[in-house]
Amino acid sequence: MAKNGAGEREVLLVFMFLLLCSCCTGDEYDLLLSIKNSMNDPLNQSLSSWNLSLSYCKWKGIACDNSSHVAKIELSGNNLSGKIPESFFHFPYIETIDLSNNQLSGGIPSNISSCLSLRHLNLSNNNFTGPLPRGSIPQLQALDLSNNMLSGQIPDEIGFFSGLEFLDLGGNDLVGKIPKSISNMTGLQILTLSSNQLIREIPQELGLLKSLTWIYLGYNNLSGGIPAEIGELTSLNHLDLVSNNLTGEIPSSFGNLTSLRYLFLYLNKLTGPVPRSIFGLQNLVSLDLSDNFLSGEIPELIIQLQNLEVLHLFSNNFTGKIPNSVASLPRLQVLQLWSNEFSGEIPKNLGRDNNLTVLDLSTNTLVGKIPDTLCNSGCLYKLILFSNSLTGEIPNSLSRCSSLRRIRLQNNRLSGELPHGFTKLSLVYFLDLSNNHLSGTIGGTRGWEMPELQMLNFARNGFSGALPASFGSGVIENLDLSTNGLSGEIPASFGNFSELMELKLSENKLSGEIPDGLSLCEKLVSLNLSHNQLSGRIPTSLTQMPVLGQLDLSVNQFSGEIPKSLGEVESLIQVNISHNHFHGNLPSTGAFLAINSSAVAGNRLCGGDSTAGLPPCKGDKLQVWLLIVTCLLVALAALVVSSLILVFVRRRNDNFETRGNNEVDGVWELEFFDSKASKEIKIIDVVESMRDENVISRGIARGGVLYKGKSGVSEFEFVMKEVSGIDSLPTGFWTELGKLKHPNIEKVIGVMRSKNCGFWVSEFVEGQSVSEVFRGMSWDRRRKVALGIAKALCYLHCKSMGSSVGCELSPEKIIVDGKDEPRLRLRSPGRTCTDAKTFVSSPYVAPETREAKDTTEKSDIYVFGLILIELLTGKTPADTEFGLQESIVEWARYCYSDCHLDTWVDPTVKGTTLSNHQNEIVETMSLALHCTADDPMARPCASDLVKTLESVIRPTYCVFGLNCSSTI
């Protein structure tokens with residue numbers, strides 16, 4: 001009987017178990033269907049198989065255990081959207097939930113802690129908001145919530161997740177301090193809290209997590225010293241504390257981290273010497289201590305780092321000699337020590353036993369010769385040694401270094417001739433040897449075979465002989481051979497340089513005439529042939545160059561008359577023809593309008609306006625009578641204009657009163673800078689355009705109102721910019737405004753002004769703003785837009801009235817025409833913001849501008865950096881996932897440091913762009929980060945922007961976790 005009773009109980013238990021399983025199975029069906037109903041599957045691929053015709057164990061993304069219970073839900077990268085339902089955490093046997101890389105939003109359900117069986121939860125790379133989940137899941141081993149928009153503080157309860165081995169909360173908007181309770185996770189191996197807004201000190205309690213192999217706390221606002229207790233984590237492989245406000249010295253206890261392979265401490269405020277114990281970490285692969293205030297010498301002990309591949313110590317205060325033992329590091333690929341105070345010679349055998357690809361020792365006080373072993377690896381592609389005191393000849397071995405792409409040796413004391421073969425380095429695209437003592441010939445029998453060459457600068461050397469007929473390149477853009485002893489004629493073949501934008505041949509001994517073929521360089525913006533022995537007439541073909549903006553022919557032997565058509569070149573803004581043998585009438589249009597007397601002196605010219613300082617040209621009586629008649633006509637025209645203006649003033653009286661200026665008794669003056677516009681636009685057109693229905697935008701303070709107008713006799717369209725408070729404008733502002741001509745800046749064609757108010761009239765450009773069009777652009781088109789903006793800034797800051805006028809620098813106010821050329825709108829000088837709330841709310845404002853409420857050249861550079869980041873990533877400073885307005889910069893720094901292009905490049909320019917332009921994109925981001933430096937003085941000037949963007953087309957060394965910065 002006992003046996004029979006036991007058998008009945010067993011049967012009953014099995015029956016109950018099967019019944020329970022059946023109930024659970026039914027519940028899991030319902031849970032899965034509720035999940036399907038709560039999420040959007042736009043591609044109808046991920047959840048289309050979720051129907052009752054199949055067992056749910058066969059549904060896509062579902063894996064079951066041996067009892068047919070749901071054990072895994074893996075739906076990563078399926079473009080799912082919507083909110084995550086609580087039902088995800090009702091499965092009684094589930095171990096893995098992976099919803100990463102989707103578009104899910106909303107908060108993370110609060111019932112997460114009820115899922116007691118869960119071991120792996122990955123919700124990374126979505127749009128989740130709200131606080132971190134609280135509670136505890138005892139068996140949870142991996143929690144990845146990175147790259148969302150989670151906010152608030154990290155709760156102390158995080159320590160209840162005591163079984164965690166992997167924790168990644170990076171790339172959110174978390175604030176506050178790192179809780180000490182994190183030390184309860186004694187089995188934690190990976191800890192990532194990077195790219196948040198965490199503050200205060202790094203807790204010493206991290207030293208209790210003995211299993212840690214990876215710590216990434218970079219791109220926060222952590223302060224204080226680095227805890228010495230971190231040196232007790234002997235299993236640590238990767239330590240990254242970059243871009244914080246950490247102070248004090250590097251703990252000597254780091255010498256205990258014998259397993260450490262990657263140590264990144266750059267962009268902090270660390271001081272003192274590098275502890276000698278660091279040089280005993282024999283497993284180190286990458287050491288980056290750059291951008292700190294570290295000092296002292298680097299000891300020969302560095303020879304112990306036999307596995308080191310990357311050494312970045314740039315932008316510190318290191319002194320002494322570069323240790324010779326660096327040359328004995330067999331795996332060393334990247335050595336960047338620029339911007340320090342290193343002295344002495346470059347180690348003689350550097351490169352002999354290394355595997356160098358990038359070497360940057362620029363801006364130190366190094367002396368001696370360049371070692372001839374630098375390219376022994378055959379892989380060196382970036383050699384940057386500028387601004388030292390190096391002497392001797394360029395090693396012959398470099399002429400055989402076929403891997404070289406970028407060479408910068410300027411501002412040294414190098415001498416001798418160029419090595420044979422140095423002009424046949426087929427991959428070099430940037431070559432700068434300027435300001436040295438080099439000599440010999442660069443033309444004649446020397447062959448040039450540099451098909452990739454875009455930038456060549458040999459200025460301020462002692463080169464002699466004839467110019468080369470070719471440089472073996474059809475893509476050269478910048479050519480500077482000025483201040484040498486070059487002689488002979490300018491080769492007609494220079495006209496074949498179809499991409500040439502800047503040509504400087506000044507201060508040589510060149511003779512002969514300007515070749516007509518030079519006009520074939522249709523992209524040439526700047527031509528400087530001054531201080532030579534050139535002769536003949538100015539070729540009329542020069543007047544056909546579409547973008548020529550600067551022309552300097554001074555101190556030569558040119559003769560003849562100035563072609564009248566030269567004054568009609570609309571792009572030309574600066575001309576210097578002084579000290580030649582020109583005679584005749586000086587054109588009074590275009591660039592010759594209000595030309596400075598020093599730019600025309602030393603000739604036999606006459607005419608021009610009063611600023612030219614030339615005598616009037618002799619004429620006959622007819623000319624006198626014509627002058628009298630002209631004066632009478634002008635006087636009559638002035639009467640008519642005054643009458644029309646009076647009518648206008650009466651019509652517009654109410655509008656002017658709203659600005660606090662009553663112009664009824666004022667006198668208005670209308671002046672054109674463009675002959676075509678003066679024929680197309682009449683005073684009535686200007687008057688009629690200033691109506692409310694024609695308002696394009698309303699600015700603040702001196703930003704003024706922007707009107708759109710149209711000629712009454714043609715289809716010619718124009719815009720009018722209002723300027724108030726003109727009594728405080730700089731002297732000569734209106735005259736200088738008329739000279740402002742650049743293809744990437746709105747063309748000012750006239751002004752209308754009175755005593756207290758004024759308008760400038762600009763040519764209307766058909767197009768859309770950068771913010772409207774860039775998302776549909778390829779990378780090549782975006783780069784063209786960026787370069788155009790940079791050229792406009794360079795012109796405004798460096799070559800025009802930069803102190804008097806600025807530009808509206810934001811994607812909404814930069815117009816892109818049908819040829820992808822950007823046009824910057826101008827703003828009035830001295831513009832400040834009277835509405836602080838409006839000003840501070842703008843996302844395109846530099847940090848110091850928010851405090852001073854005024855813009856500077858350096859603040860323009862900062863905003864340009866923001867625009868570059870936007871063109872690269874597709875994200876804007878106003879995007880909500882960045883929290884604070886400036887956080888896009890910190891996010892960009894974080895992305896750049898890891899060099900994972902596919903995670904931050906705008907998806908619309910991926911594909912072939914990443915494979916063909918990867919290094920170009922990386923270096924452009926590097927420029928953007930330089931532009932957005934917190935310290936205005938650390939930002940590049942506008943001319944550097946142009947040079948860098950023009951030259952950035954070749955690869956940059958980049959590995960995971962590596963700070964890829966290099967001097968530009």
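Residues numbered from 1 in each chain as written. Predicted model: local features only at pLDDT ≥ 70, side-chain atom pairs only at ≥ 80, totals over all residues. Heavy atoms only, no water.

Regarding the overall build of the protein chain
Right, so step 1: Tallying secondary structure elements over the protein chain gives 15 helices and 57 strands in all.
Right, so step 2: A total of 968 residues make up the protein chain; the buried ones form 54% of that total.
Right, so step 3: The long-range fraction of contacts in the protein chain, counting pairs at least 24 apart against all pairs at least 6 apart in sequence, stands at 52%. (Helix = DSSP H or I, 4+ residues; strand = E, 2+ residues; numbered from the N terminus. Buried < 20%, exposed > 50% of the residue type's maximum accessible area, 1.4 Å probe, protein only. Contact = heavy atoms within 4.5 Å.)

Some words on the side chain of glutamate 477
Right, so step 1: Note on placement: glutamate 477 falls in the loop between β36 (462-466) and β37 (478-480).
Right, so step 2: Buried charge glutamate 477 goes without a salt bridge, the closest partner of opposite sign being lysine 523 at 6.8 Å.
Right, so step 3: In this structure glutamate 477 touches Gln454, Glu499, Leu500, Met501, Glu502 and Glu950, once residues within four positions along its chain are discounted. (Lys, Arg positive; Asp, Glu negative; His and termini not counted. Salt bridge = Lys/Arg side-chain N within 4 Å of Asp/Glu carboxyl O.)

Here's the deal with the pairing of strand β10 (residues 149-153)
Right, so step 1: Both strand β8 (residues 127-130) and β10 contribute to a ladder of two bridges, which runs parallel. If you follow threonine 129 over to β10, its bridge partner there is methionine 149.
Right, so step 2: Two elements, β10 and strand β12 (residues 173-176), share three bridges in a ladder whose sense is parallel. Within the sheet, the bridge partner assigned to glutamine 153 lies in β12 and is valine 175. (Pairing = 2+ DSSP bridges.)

Some details on the packing of aromatic side chains
Right, so step 1: Throughout the structure, instances matching the rule amount to 15 aromatic pairs.
Right, so step 2: Consider the rings of tryptophan 448 and phenylalanine 471, whose centres lie 4.9 Å apart with planes at 80 degrees: the pair is edge-to-face. Here phenylalanine 471 lies in the loop between β36 and β37 and tryptophan 448 lies in the loop between β34 (437-441) and β35 (455-457), a separation of 23 residues in the sequence.
Right, so step 3: Accessibility expressed as a relative area gives 8% for tryptophan 448, which makes it buried.
Right, so step 4: Taking relative accessible area as the criterion, phenylalanine 471 reaches 1% and is therefore assigned buried.
Right, so step 5: When the ring centre of phenylalanine 430 is taken as origin, the NZ or CZ atom of arginine 406, which lies over that ring, is 4.2 Å away. (Phe/Tyr/Trp six-rings, centres within 6.5 Å; stacked < 30°, edge-to-face > 60°. Lys NZ or Arg CZ within 6 Å of the ring centre and 35° of its normal.)

Considerations on the pattern of salt bridges
Right, so step 1: By the definition in use, this model includes twelve salt bridges.
Right, so step 2: Between lysine 504 and glutamate 502 there is a salt bridge, with the nearest N and O atoms lying 3.7 Å from each other.
Right, so step 3: Here glutamate 717 ties to lysine 708 by a salt bridge, and the two come within 3.4 Å at their closest N and O atoms.
Right, so step 4: The class for lysine 708 is partly exposed, based on a relative accessible area of 30%.

Observations concerning the sheet that holds β12
Right, so step 1: Across the sheet, which stays open at both edges, the seven strands sit in the order β1-β4-β6-β8-β10-β12-β14 with mixed pairing between neighbours. Sheet topology places β1 (39-40) and β14 (197-198) at the edges, where each strand pairs with a single neighbour.

Focus: the sheet that holds β36
Right, so step 1: On the basis of which strands lie adjacent, the open sheet formed by nine strands has the order β32-β34-β36-β38-β40-β42-β44-β46-β47 and parallel pairing. Of all the strands in the sheet, the pair left with one neighbour each is β32 (415-417) and β47 (604-607). For this sheet, the mean angle separating the axes of adjacent strands, direction not counted, is 15 degrees.
Right, so step 2: For strand β40 (residues 509-512) and strand β42 (residues 533-536), the ladder comprises two bridges, and the chain directions are parallel. (Axes fitted to C-alpha atoms, helices over the stretch in contact; angles between N-to-C directions.)

Points about the pairing of β8
Right, so step 1: When strand β6 (residues 103-107) meets β8, the two strands line up parallel, connected through three bridges. Looking at the pairing, serine 105 lines up with asparagine 127 of β8.

Things to note about the state of the cysteines
Right, so step 1: This model, assessed by the stated rule, comprises three disulfides.
Right, so step 2: Each sulfur in the disulfide pair cysteine 57 and cysteine 64 lies 2.1 Å from the other. Between cysteine 57 and cysteine 64, the S-S dihedral sits near -100 degrees, and the bridge is therefore left-handed.
Right, so step 3: Judged by its relative accessible area of 24%, cysteine 64 falls in the partly exposed class.
Right, so step 4: The residue that forms a disulfide with cysteine 606 is cysteine 617, at a sulfur-sulfur distance of 1.9 Å. Every disulfide takes its handedness from the sign of the S-S torsion; for cysteine 606 and cysteine 617 that torsion is 95 degrees, giving right-handed. Here cysteine 606 is found in strand β47, whereas its partner cysteine 617 is found in the loop between β47 and α2 (621-651), with eleven residues between them in sequence.
Right, so step 5: Judged by relative accessible area, cysteine 606 falls into the buried class, the value being 15%.
Right, so step 6: With relative accessibility at 34%, the residue cysteine 617 sits in the partly exposed group. (Disulfide = S-S within 2.5 Å.)

Looking at unusual backbone geometry
Right, so step 1: Its identity is not glycine, yet serine 195 carries a phi of approximately 55 degrees, on the positive side.
Right, so step 2: Among the secondary structure elements, serine 195 is positioned in the loop between β13 (190-192) and β14.
Right, so step 3: On the accessibility criterion, serine 195 (9% relative accessible area) is buried.
Right, so step 4: Although it is not a glycine, histidine 579 adopts a positive phi angle of roughly 55 degrees.
Right, so step 5: Mapped onto the fold, histidine 579 is located in the loop between β45 (574-576) and β46 (581-586).

As for helix α11 (residues 857-873)
Right, so step 1: With 17 residues, α11 extends 25 Å from end C-alpha to end C-alpha; this agrees with the ideal 24 Å at 1.5 Å per step.
Right, so step 2: Counting buried positions along α11 yields 15 of 17 residues, so the element is predominantly enclosed.
Right, so step 3: Positioned one or two residues after α11, glycine 874 has a phi angle of 80 degrees, which is positive. (Expected span 1.5 Å × (residues − 1).)

Some words on the confidence of the model for the protein chain
Right, so step 1: Averaged over every residue, the pLDDT of the protein chain is 81; residues scoring 70 or more account for 81%.
Right, so step 2: Here helix α3 (residues 653-658) stands out as the least confident element of the protein chain, with mean pLDDT 31; strand β24 (residues 317-321) is the most confident, with 97.
Right, so step 3: Every residue in residues 953-968 is under pLDDT 50, and counting partners more than four places away or in other chains gives 79 contacts. (pLDDT = per-residue confidence, 0-100.)

Examining the environment of glutamine 533
Right, so step 1: By the secondary structure assignment, glutamine 533 is in strand β42.
Right, so step 2: Since its relative accessible area comes to 41%, glutamine 533 is described here as partly exposed.
Right, so step 3: Linking glutamine 533 and phenylalanine 558, residues 25 residues apart in sequence, is a C-alpha distance of 8.5 Å.
Right, so step 4: Apart from residues lying up to four places away in sequence, glutamine 533 is in contact with Lys509, Leu510, Ser511, Gly512, Asn556 and Gln557.

Regarding the side chain of asparagine 172
Right, so step 1: Residue placement: asparagine 172 occurs in the loop between β11 (166-168) and β12.
Right, so step 2: For asparagine 172, a relative accessible area of 4% corresponds to the buried category.
Right, so step 3: From its side chain, asparagine 172 meets the backbone nitrogen of asparagine 148 in a polar contact 3.2 Å long.
Right, so step 4: At 3.3 Å, the side chain of asparagine 172 forms a polar contact with the backbone oxygen of glycine 170. (Polar contact = N/O pair within 3.5 Å; in protein donor to acceptor, adjacent residues only side chain to side chain.)

Let's talk about the environment of glutamine 189
Right, so step 1: One can find glutamine 189 in the loop between β12 and β13.
Right, so step 2: The class of glutamine 189 is partly exposed, set by a relative accessible area of 34%.
Right, so step 3: Sequence-wise, glutamine 189 and threonine 213 are 24 residues apart; in three dimensions their C-alpha atoms are separated by 5.2 Å.
Right, so step 4: Not counting residues within four places of it along the chain, the set of residues in contact with glutamine 189 comprises Glu165, Ser211, Leu212, Thr213 and Trp214.

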